[in-house]
Amino acid sequence: FFLCGIFFLCGGVLDDYQKLTSFGTPENVANMIVPRGVEGKMLGVKTAGTHYLFEYEVTPPGRGKKHLLTWFGIRGGECLLSVTAQADEGEWDKYQAAFREVMESVQLEA
């Protein structure tokens, strides 16, 4: 039984990925974030220097709607960091302030 959670993904990147735009526009990255075959709706995209912030909803097959925030950033030639907070749609109002605070606090030191 799942209500909410925050997930971190950190991985290496090739040397030629020096800037966030190496992954494309925010719209290109958004297309990678919402899985194919899953009903989804992008609610907002924000570009903030070293990262993109996405807010969206998805409805996985056989499951209820989920509301998500994903922070997607890169430290040039070193690492990619993705932080995703998600909650069942009915629980979103309860957790969204804490999730937004987490997203605002994420940093990739140079």
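For clarity, every value in this text was computed on a predicted model and none was experimentally measured.

J.: Talk me through the sheet that holds strand E2 (residues 39–48); I want residue IDs and the actual numbers.
T.: The antiparallel open sheet is built from five strands, whose spatial order is E1-E5-E4-E3-E2. Strands at the two margins of the open sheet, each flanked by one partner only, are strand E1 (4–12) and E2. Sheet twist, expressed as the average angle between the axes of neighbouring strands with direction ignored, equals 15 degrees. Relative to strand E3 (residues 51–59), E2 runs antiparallel, the two being bridged by nine bridges.

J.: Before we move on, can you summarise the side chain of glutamate 57 with the specific residues and values?
T.: Take glutamate 57: it is sitting in strand E3. Apart from the residues within four sequence positions on either side, glutamate 57 is in contact with Glu39, Gly40, Lys41, Leu43, Lys65, Lys66, His67 and Glu89.

J.: So, the nonpolar core: which residues are in play, and what are the values?
T.: In terms of nonpolar packing, the biggest core is built from 15 residues, with Phe23, Val29, Tyr52, Phe54, Tyr56 and Phe72 touching the most fellow members. Counting only elements with at least two residues in this core, the list comes to helix H1 (26–33), E3 and strand E4 (66–75). Residue contributions to this core peak at four residues, all from E3. Each residue touching phenylalanine 23, except ones within four places of it in the same chain, is listed here: Val13, Tyr17, Asn28, Val29, Met32, Phe72, Ile74 and Leu80. Membership of the second largest hydrophobic core comes to 12 residues, among which are Leu69, Ala87, Phe99 and Met103.

Parameters at a glance
- Residues numbered from 1 in each chain as written.
- Predicted model: local features only at pLDDT ≥ 70, side-chain atom pairs only at ≥ 80, totals over all residues.
- Heavy atoms only, no water.
- Pairing = 2+ DSSP bridges.
- Helix = DSSP H or I, 4+ residues; strand = E, 2+ residues; numbered from the N terminus.
- Axes fitted to C-alpha atoms, helices over the stretch in contact; angles between N-to-C directions.
- Contact = heavy atoms within 4.5 Å.
- Core = buried A, V, L, I, M, F, W, Y, C linked by side-chain atoms within 4.5 Å.
- Buried < 20%, exposed > 50% of the residue type's maximum accessible area, 1.4 Å probe, protein only.

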